[in-house]
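# Chains, contacts and geometry: an overview
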Amino acid sequence: MSNLIELKVPDIGGHSNVDIIEVFVKAGDVVAVEDSLITLETDKATMEVPASHAGKIVELKVAVGGKISEGDVIAIVEAVGAAAEAPKAAPAPAAAAPQAAAPVAAPQAASHAGGADIECDVLVLGAGPGGYSAAFRAADLGLNVVLVERYATLGGVCLNVGCIPSKALLHNAAVIDEVKHLAANGIKFAEPEIDIDMLRGYKEKVIGKLTGGLAGMAKARKVQVVRGVGSFLDPHHLQVDTTEGAGQAKTGAKQTIKFKNAIIAAGSRVVNLPFIPQDPRIVDSTGALELKAVPKKMLIIGGGIIGLEMGTVYSTLGARLDVVEMLDGLMQGADRDLVKVWEKMNAHRFDNIMTSTKTVAVEAKEDGIYVTFEGAKAPAEPQRYDLVLVAAGRAPNGKLIAAENAGVAVTDRGFIEVDKQQRTNVPHIYAIGDIVGQPMLAHKAVHEAHVAAENCAGGKSYFDARVIPGVAYTDPEVAWVGVTEEIAKRDGIKIEKSVFPWAASGRAIANGRDEGFTKLIFDAETHQVIGGAIVGTHAGDMLGEICLAIEMGCDATDIGKTIHAHPTLGESIGMAAEVAHGTCTDLPPQRKK
Ligand code: FAD
């Protein structure tokens, strides 16, 4: 028995005639419920449309470049037997981009017959932390480099709408919070008067200083920056559709660049959930960073680092927060003992922390945004919010650069797979940063960039870092690296751990912030440190020592016998190593093992 089912565009928040920018499926593919079919792009956001039914696609009704509206048919599937059955148990959020999937077949490269306006040794596509680092390193190695970027400023997501602006705002929030704590020490300040325009101006100034600095450094290195949207014509040519203004408006002019090597650093983008309407009171991280106003009541969809950092800022400025997260805990990736400390310190910011809960409907009404939830902590009624931040993940831009013309393979999800030298399946084309996979972090992009650039210059570099640290710049900060207790348990790694509680740190007590702790994780057989985590103020700044210790293969003696200045928070790392030895003179005597 078989039957035909139309897969239609669901409620996409009232948009119509929306651009189709990616098609993930073709006739003959078998799709499961929730598999992504297409990506739509509006002025504000992109959204992936999942399959409502499982089955084999017998007819595909859409193509990249087409337009589509709610109710239009995307594809017709033949639902056969079990394929037609119910949804998978726990579908991943549409926006949570998983790691690169199984090896992808290499596409047949195109061949560009025309000439070129510019020729270079290395073409770098995208000027985020990955792209500019690759371009600068390649130029430092004597190569002639062209850097293509669609926006007016260099720096990508990180400098313009990511790491840096969020930290500029978090810094101000942290000072406001710190000043409040001083009341307990007898130092009272009046309630802060917040001029939100000035605060936004400060953030813009920070961005301007850094992006301007990059432009200067590009010039100093003779890196030619070409502004426009790049797409590959073949394995040695890239076309640039020139852009102008603050966004990516095309001028109509085109340039062709001929390259010997290319480094793809086109990054990632925010992905919105398909059922979310277009409304100025619903924002992604970029919208939240614009800091237009401080809402009374704010919902964060997605309990990851980005959402919680932005929530910290808005809460300190006066908003009450709710957060909804599909998984069973916030800040996934960090051990729960660290997150518990953050949760305790931040409980006052939240009215409702809804873990194991899904957002299922969002309606924009005159008096607010009404959101319906489903799951373990879902309120019975829709909840009203003044601002909703969608921070449910990012998707790689691999399908938006015509990589197939260059013969570069891209996974269904838009990642580009690379080897340890950052080479794609086309040996003279490299890829780095968010576009090659998780973790989507600036420091990973930068290190990959250096590897790719060095290989373009004929070197033999490998991305062989043992660990990539992760930090939530919340208050307190939560920082971790390498093997966590959760990973050890999952992978059956035998570990020994040692913890130094900051309640015994002179500096933390003097700072009035002794809620944190420092944890080291050792391999039970080699006794080398293989992981570590810190929760507390400045945790992120201190994590580097643990990263270095892991890279250097240090054991507890190496760390414990390194003299750390007193009184510092960094001492806690040395003391955690002493704990591993069984005697730390800043703690009560330990029980013999
Ligand atoms: P991107 O920064 O995404 O840069 C890609 C560039 O390519 C962009 O400038 C884009 O315009 C350009 N581009 C794309 N396609 C084309 C094309 N076809 N033609 C021309 N140009 C193109 N990471 C951290 O490590 N620490 C943090 O604290 C942190 N905070 C964050 C906070 C927020 C709110 C967000 C959103 C992200 C944060 N990140 C953080 C993640 C970090 O920003 C990314 O991991 C990092 O920017 C990835 O660098 P990238 O070079 O791979 O790509």
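Note that the structure is predicted; figures quoted are calculated from it, not measured. (Residues numbered from 1 in each chain as written. Predicted model: local features only at pLDDT ≥ 70, side-chain atom pairs only at ≥ 80, totals over all residues. Heavy atoms only, no water.)

For the rest of this paragraph, the subject is the overall build of the protein. When helices and strands are counted, the protein shows 13 helices and 29 strands. Against the globule reference of 25 Å for 593 residues, the protein gives a C-alpha radius of gyration of 25 Å, in line with a compact fold. Expressed along its principal axes, the backbone C-alpha trace of the protein runs to roughly 75 × 60 × 55 Å. When burial is assessed residue by residue, the protein has 50% of its 593 residues classed as buried. Put simply, 65% of the contacts in the protein that link residues at least 6 apart link residues at least 24 apart. A total accessible area of about 26,700 Å² is found for the protein, and carbon and sulfur atoms account for 54% of it. For the protein, the distance from the average position of its 57 positive side-chain charges to the average position of its 73 negative side-chain charges is 2 Å. (Helix = DSSP H or I, 4+ residues; strand = E, 2+ residues; numbered from the N terminus. Rg over C-alpha atoms; globule rule 2.2 N^0.38 Å. Buried < 20%, exposed > 50% of the residue type's maximum accessible area, 1.4 Å probe, protein only. Contact = heavy atoms within 4.5 Å. Areas by Shrake-Rupley, 256 points an atom, 1.4 Å probe, with all protein chains shown as cover. Lys, Arg positive; Asp, Glu negative; His and termini not counted. Charge placed at Lys NZ, Arg CZ, Asp CG, Glu CD.)

Before going further, it helps to examine the UniProt feature "active site" (unreviewed entry) in the protein. In the numbering used here, UniProt assigns the "active site" (unreviewed entry) feature to H566. Secondary-structure assignment places H566 in the loop between α12 (556-560) and α13 (571-581). A distance of 2.6 Å separates the side chain of H566 from the side chain of E571, its partner in a polar contact. (UniProt positions renumbered as here; feature names shortened; annotations may be inferred. Polar contact = N/O pair within 3.5 Å; in protein donor to acceptor, adjacent residues only side chain to side chain.)

The next thing to look at is the site of the ligand. Neighbouring the ligand are 38 residues; E149, R150, K167, G230 and A442 lie closest to it. P129 has a polar backbone atom sitting 3.5 Å from an oxygen atom of the ligand. D434 has a polar side-chain atom sitting 2.8 Å from an oxygen atom of the ligand. Sorting the residues of the shell around the ligand by element identifies α1 (129-140), β10 (145-149), α2 (156-161), α3 (163-181), β11 (224-234) and α8 (442-456) as the ones contributing at least two each. A per-element tally of the shell around the ligand places α2 first, with 4 residues. Its residues assigned to classes, the shell around the ligand shows 19 nonpolar, 14 polar and 5 charged. (Near = heavy atom within 4 Å. Nonpolar A, V, L, I, M, F, W, Y, C, P; charged D, E, K, R; others polar.)

All right, on to the packing of α3 against helix α6 (residues 305-317) then. Running from N to C, α3 and α6 cross one another at 45 degrees; their axes reach a closest spacing of 9 Å. Accordingly, the angle class assigned to the pair α3 and α6 is oblique. Of the two elements, α3 crosses α6, and the hand of that crossing is left-handed. Where α3 approaches α6, its residues S166, K167, L169, L170, A173, I176, D177 and K180 are matched on the opposing element by E309, M310, T312, V313, T316 and L317. (Axes fitted to C-alpha atoms, helices over the stretch in contact; angles between N-to-C directions. Parallel < 35°, antiparallel > 145°, perpendicular 65-115°, else oblique. Left-handed = near helix turned anticlockwise from the far one by under 90°.)

This part is about the nonpolar core. Within the largest apolar cluster, 36 residues are counted, with the highest numbers of intra-cluster contacts made by M298, Y314, W342, L389 and V478. The leading source of residues in this core is α6, at 5 residues. Here Y314 is in contact with A288, L291, K292, A293, V294, P295, M298, A319 and L387, once residues within four sequence places are set aside. Core analysis: the second largest hydrophobic core is formed by 29 residues, V529, I546, L569 and M575 among them. (Core = buried A, V, L, I, M, F, W, Y, C linked by side-chain atoms within 4.5 Å.)

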